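These are the residues of each chain, in order.
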Amino acid sequence: MMGLADPWVFVAYLLCILSALLCVGWGAYFWNREEEEVRQWAVEEDK
Amino acid sequence: MSIWMITFVIVYFFAVGYLGYRGYRATQTAADYLIAGRKTHPYIMAMSYGSTFISTSAIVGFGGAAGVFGMGLLWLTVLNIFVGIFVAFVVFGGRTRALGLRLDAHTFPELIGRRFQSRFLQGAAATLIFVFMPLYASAVLIGAAKYLTQQLGVPYDVALFVFTAIIAVYVIMGGIKGVMYTDALQGTIMLFGMIALIVLTYSKLGGVTAAHQALTDLASQVPEKLAKGGHAGWTAMPKLGSPLWWTLVSTIVMGVGIGVLAQPQLAVRYMTVKSQKELNRGVPVGGVFILMMTGVAFVVGALTNVHFHRTAGQVSIAAAKGDVEAIIPMYLQQAMPSWFSVLFMLTLLSAAMSTLSSQFHVMGTSLGRDLAEQSPRLRNSKGGGMLVTRIGVLVGILVSAYLSYGLEKAFGKTGTEIVARGTAIFFGLCACAFLPMYAGALWSRAITKAGAIAGFLAGAGSSLFWLVFVHEKESTALLLCNKLFGVRSLGIAMVEGKEVFLRAGKIIWAFVDPLFVGLPLAIAVTIAVSLFTRKFSEEHLKRCRLGRTA
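Keep in mind that this is a model prediction, so the values were computed, not measured.

**Description of the overall build of chain A**
Phase 1 of the analysis: The number of helices and strands found in chain A is 2 helices and 0 strands.
Phase 2 of the analysis: Within chain A, the fraction of its 47 residues that count as buried is 30%.
Phase 3 of the analysis: Of the roughly 3200 Å² of accessible surface on chain A, 66% is carried by carbon and sulfur atoms.

So this is what it looks like as structure tokens:
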């Protein structure tokens with residue numbers, strides 16, 4: 001497949017591209033989809 | 001060396017200097033210096049994460065390794081993208097950011113120390129980073145200085161000094177903002193360089209399928225020594241259970257693929273953004289970046305065999321006279337147009353500088369913030385935080401530069417070999433020592449302070465033992481095993497004067513990565529000790545987002 005002798009290497013080649021596409025899809029889907037209170041609390045407790 | 005190359009290098013250094021200055025101007029507080037005030041743009045964060053992760057050794061060293069092992073190395077790219085980016089940003093990143101904010105932590109050791117309410121853990125984690133990271137930094141620094149020496153014709157000592165000094169200025173003055181601004185520029189240059197490399201390579205070899213087919217047809221040309229080790233051609237995985245298979249799967253794929261999750265210089269990146277939304281926006285940038293870095297390096301590295309076979313009648317490793325690291329530079333010199341050498345020079349400079357700047361920064365924060373500032377004398381003093389950390393960064397840089405300059409002079413070839421293993425040693429050690437307690441810190445109510453400490457010590461101790469005495473790549477370079485036991489690895493027995501690798505079924509112990517031993521042991525010890533020791537209060541767990549209703 002695609003000139004690659006071993007199916008395991010073909011799967012790796014394909015998964016590289018699919019993993020990158022998963023990342024792109026995730027970013028696109030969540031692009032527009034607690035801070036000061038937490039920060040203040042943390043600083044006070046630390047003091 | 002052309003006038004164009006000198007011009008571009010000078011312009012590049014000025015651009016880096018300008019961005020470092022911008023970082024310096026934007027740094028007002030210790031939080032700015034350590035975690036960029038938690039307000040970094042997702043593109044800058046993701047590019048900084050990616051370019052820190054990818055050093056020259058990932059492109060030249062691992063690209064050359066692909067020239068030997070073949071395209072089976074692409075499994076590492078799969079892990080790099082899925083584990084190193086997707087799981088890291090989506091699963092670990094959000095939790096780390098939120099916990100860092102709640103505990104007001106500014107460094108990885110501080111996060112761990114505050115989560116487990118243990119100054120010992122903070123100090124021990126920082127010590128481990130400060131002691132072993134210079135070895136990793138030296139490996140990158142030596143590679144960069146040697147490359148500059150080759151390309152620009154300047155003496156090695158001068159290249160080492162100038163290169164270190166430029167990075168030192170913007171890291172010490174600009175802090176993490178200086179580091180991340182320059183990382184984003186460097187990552188962008190790397191992206192252009194690697195896109196050009198894959199397009200030029202595939203078009204030169206007749207297209208994607210034709211190039212792969214030509215490489216497949218070379219299977220009969222595998223050198224005899226590699227074939228004996230299990231090599232089955234450059235578009236096939238090595239034979240299951242063979243020494244080459246173990247090296248490929250255990251050390252290269254798993255060791256680096258899993259080890260990335262517990263890298264302190266990468267984990268701190270999650271704490272530099274404002275919310276999970278920024279991390280989600282960084283995922284596509286990181287995923288595409290890593291695909292174009294390691295994916296391209298491994299494919300091109302393997303395909304160099306086709307080029308060398310067509311032009312010299314030899315496979316890559318033979319054409320490079322056995323020097324794995326010479327495969328990619330030789331290929332570029334012979335097969336790529338002259339304009340590309342300038343772009344690739346900047347790509348490699350960027351890869352080295354982006355990794356080194358983060359290493360120097362995290363070494364400095366470990367020494368300054370986590371060790372010096374936690375000392376009884378400085379603990380309750382006000383101010384001075386940035387100065388102490390800046391001094392820490394300077395000390396880290398000096399130690400790394402000394403190792404790069406002095407180790408070879410002091411120990412000859414042995415010194416060089418120790419540094420060459422620096423990356424693998426640091427990745428393996430971090431995974432075994434940090435990963436169980438880091439994951440426990442983010443998700444588990446049950447891990448106790450004693451459990452975290454015991455797991456850390458078990459992971460660090462066992463992986464160090466395995467590195468020094470069993471894993472033959474490191475144990476051979478470190479010489480200690482040979483001095484004490486008369487063999488270069490305890491996974492090797494001498495039978496009638498010949499070396500025999502000890503096996504258990506298909507397992508060849510000398511090729512098993514420390515990760516396979518240290519990580520399960522550290523997890524088991526962490527859980528076992530936590531079962532019998534005092535739990536944290538409900539109040540503390542609530543604060544760490546691990547309350548019963550959280």
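There is more to say after this.
**Details of the overall build of chain B**
Phase 1 of the analysis: Counting its regular elements, chain B contains 25 helices and 4 strands.
Phase 2 of the analysis: Taking 550 residues into account, the globule formula puts the C-alpha radius of gyration at 24 Å, and chain B, at 23 Å, falls close to it.
Phase 3 of the analysis: Expressed as lengths along the three principal axes of its C-alpha atoms, the size of chain B is roughly 70 × 60 × 45 Å.
Phase 4 of the analysis: Across the 550 residues in chain B, those meeting the buried criterion constitute 63%.
Phase 5 of the analysis: Within chain B, contacts between residues at least 6 apart in sequence are counted, and of these 80% link residues at least 24 apart.
Phase 6 of the analysis: Accessible surface, chain B as shown: approximately 20400 Å² in total, 67% of it carbon and sulfur.
Phase 7 of the analysis: If you average the places of the 44 positive and of the 21 negative side-chain charges in chain B, the two averages end up 9 Å apart.

**Section: unusual backbone geometry**
Residues and elements named next belong to chain B.
Phase 1 of the analysis: Phi is positive for A36, close to 55°, though the residue is something other than glycine.
Phase 2 of the analysis: In this structure, A36 sits in the loop between α2 (30-35) and α3 (42-53).
Phase 3 of the analysis: You will see that Q117, though not glycine, has its phi angle at about 45°, which is positive.
Phase 4 of the analysis: With a relative accessible area of 45%, Q117 lands in the partly exposed category.

**Description of the interface of chain A and chain B**
Phase 1 of the analysis: At the interface, 33 residues of chain A touch 39 residues of chain B.
Phase 2 of the analysis: At the boundary of chain A with chain B, total buried surface from both sides reaches about 3300 Å², with 67% on carbon and sulfur atoms.
Phase 3 of the analysis: Linking chain A to chain B there are 0 salt bridges.
Phase 4 of the analysis: When residues of the side of chain A that touches chain B are traced back to their parent elements, those giving at least two are α1 (7-29) and α2 (36-46) of chain A.
Phase 5 of the analysis: Partitioned by chemical class, the residues of the side of chain A that touches chain B number 22 nonpolar, 4 polar and 7 charged.

**Considering α3(B)**
Residue and element names in this part refer to chain B.
Phase 1 of the analysis: Here α3 spans 16 Å end to end across 12 residues, near enough to the 16 Å set by a 1.5 Å rise per residue.
Phase 2 of the analysis: Most of α3 is tucked away, with 10 of its 12 residues classed as buried.
Phase 3 of the analysis: When we look at burial in α3, the residues that qualify are P42, M45, A46, M47, S48, Y49, G50, S51, T52 and F53.

**With respect to the nonpolar core**
All names here are of chain B.
Phase 1 of the analysis: If you look at the biggest cluster of nonpolar residues, it comprises 188 residues, and the most contacted ones within it are F163, L197, F344 and F434.
Phase 2 of the analysis: Considering each element in turn, this core owes the most residues, 20 residues, to helix α8 (residues 156-204).
Phase 3 of the analysis: Sequence-distant contacts of F344, that is, excluding residues within four places in its chain, are made with I59, Y147, M194, L197, I328 and L332.

**Let's talk about the packing of aromatic side chains**
By convention here, two paired aromatic rings are described through the distance between centres and the angle between planes.
Phase 1 of the analysis: Counting across every chain of the model gives 26 aromatic pairs over all chains.
Phase 2 of the analysis: When the ring of W8(A) is compared with that of W75(B), the centres are 6.2 Å apart and the planes differ by 55°; the resulting orientation is tilted. One end of the pair, W8(A), is in helix α1; the other, W75(B), is in helix α5 (residues 74-102), on a second chain.
Phase 3 of the analysis: W8(A) sits in the exposed class, given a relative accessible area of 56%.
Phase 4 of the analysis: Centre to centre, the rings of W26(A) and F30(A) are 4.4 Å apart; their planes meet at 45°, and the pair counts as tilted.
Phase 5 of the analysis: Judged by relative accessible area, which is 24%, W26(A) ranks as partly exposed.
Phase 6 of the analysis: Grouping aromatic residues by their ring pairs yields a cluster made of F92(B), F108(B), F434(B), Y438(B), W443(B) and F456(B).
Phase 7 of the analysis: Here the guanidinium or amino end of R115(B) rests over the ring plane of F116(B), the centre of that ring lying 4.9 Å away.

**Some details on the pairing of strand β1 (residues 492-495) of chain B**
Across a regular strand the side chains alternate sides, sitting on one face of the sheet and then on the other.
All names here are of chain B.
Phase 1 of the analysis: Of the strand pairs in this sheet, β1 and strand β2 (residues 498-501) are connected by 4 bridges, and their pairing is antiparallel. Bridge pairing in β2 links A493 to V500.
Phase 2 of the analysis: Between β1 and β2, which follow one another and run antiparallel, lie 2 residues, and E496 among them has a positive phi close to 50°.

**A closer look at a nonpolar patch on the surface**
Residue and element names in this part refer to chain B.
Phase 1 of the analysis: Side chains of Y18, Y21, Y24, V169 and M173 sit close together on the surface and give an oily, nonpolar patch of about 510 Å² of accessible area.
Phase 2 of the analysis: Secondary structure elements with two or more residues in the nonpolar patch: α1 (3-25) and α8.
Phase 3 of the analysis: Per-element accounting of the nonpolar patch gives the leading share, 3 residues, to α1.
Phase 4 of the analysis: Structurally, the position occupied by Y18 is in helix α1.
Phase 5 of the analysis: Since its relative accessible area comes to 46%, Y18 is described here as partly exposed.

**Points about the environment of G491(B)**
Residue and element names in this part refer to chain B.
Phase 1 of the analysis: Here G491 is to be found in the loop between α23 (480-485) and β1.
Phase 2 of the analysis: Note on G491: relative accessible area 2%, which makes it buried.
Phase 3 of the analysis: Each C-alpha atom, one on G491 and one on F426, is 21 Å from the other, the two residues being 65 residues apart in sequence.

**Looking at the packing of helix α21 (residues 449-469) of chain B against helix α24 (residues 514-531) of chain B**
All names here are of chain B.
Phase 1 of the analysis: With their axes 8 Å apart at the nearest point, α21 and α24 run at an angle of 160° to one another. Of the possible angle classes, the one that applies to α21 and α24 is roughly antiparallel. The chirality of how α21 crosses α24 is right-handed. Across the interface between the two elements, A450, G451, A452, A454, G455, A458, G459, S462, S463, W466 and L467 from α21 touch P514, V517, G518, L521, A522, V525, T526, V529 and S530 from α24.
Phase 2 of the analysis: Within the contact of α21 with α24, the residues separate by chemical class into 12 nonpolar, 8 polar and no charged.

**Overview of α5(B)**
Residues and elements named next belong to chain B.
Phase 1 of the analysis: Bending of α5 peaks at approximately 55° at the position of A88.
Phase 2 of the analysis: The buried count for α5 comes to 26 of 29 residues, which makes it a mostly enclosed element.
Phase 3 of the analysis: D104 sits one or two residues past α5 and shows a positive phi near 55°.

**Some thoughts on the pattern of salt bridges**
Residues and elements named next belong to chain B.
Phase 1 of the analysis: All told, the structure shown has 7 salt bridges over all chains when counted by the stated rule.
Phase 2 of the analysis: R445 is paired through a salt bridge with E538; the nearest N and O atoms lie 2.9 Å apart. Placement of R445 in the loop between α20 (422-443) and α21 and of E538 in helix α25 (residues 538-543) is noted, with a sequence separation of 93 residues between them.
Phase 3 of the analysis: Look at R445 and you get partly exposed, because its relative accessible area is 23%.
Phase 4 of the analysis: Overall, E538 belongs to the partly exposed group, its relative accessible area being 32%.
Phase 5 of the analysis: With a closest N to O distance of 2.9 Å, E499 and R488 form a salt bridge. Here E499 is found in strand β2, whereas its partner R488 is found in the loop between α23 and β1, with 11 residues between them in sequence.
Phase 6 of the analysis: Since its relative accessible area comes to 40%, E499 is described here as partly exposed.

Cut-offs and rules
Residues numbered from 1 in each chain as written. Chains lettered and ligands numbered in written order. Predicted model: local features only at pLDDT ≥ 70, side-chain atom pairs only at ≥ 80, totals over all residues. Heavy atoms only, no water. Helix = DSSP H or I, 4+ residues; strand = E, 2+ residues; numbered from the N terminus. Buried < 20%, exposed > 50% of the residue type's maximum accessible area, 1.4 Å probe, protein only. Areas by Shrake-Rupley, 256 points an atom, 1.4 Å probe, with all protein chains shown as cover. Rg over C-alpha atoms; globule rule 2.2 N^0.38 Å. Contact = heavy atoms within 4.5 Å. Lys, Arg positive; Asp, Glu negative; His and termini not counted. Charge placed at Lys NZ, Arg CZ, Asp CG, Glu CD. Buried area = accessible area lost by both parts, 1.4 Å probe. Salt bridge = Lys/Arg side-chain N within 4 Å of Asp/Glu carboxyl O. Nonpolar A, V, L, I, M, F, W, Y, C, P; charged D, E, K, R; others polar. Expected span 1.5 Å × (residues − 1). Core = buried A, V, L, I, M, F, W, Y, C linked by side-chain atoms within 4.5 Å. Phe/Tyr/Trp six-rings, centres within 6.5 Å; stacked < 30°, edge-to-face > 60°. Lys NZ or Arg CZ within 6 Å of the ring centre and 35° of its normal. Pairing = 2+ DSSP bridges. Patch = residues over 30% accessible without salt bridge, like charges linked within 9 Å, V, L, I, M, F, W, Y side chains within 5 Å. Axes fitted to C-alpha atoms, helices over the stretch in contact; angles between N-to-C directions. Parallel < 35°, antiparallel > 145°, perpendicular 65-115°, else oblique. Left-handed = near helix turned anticlockwise from the far one by under 90°. Bend = angle between axes of the 7 residues up to and from the residue.

Just geometry here; none of it tells us what the structure is for.
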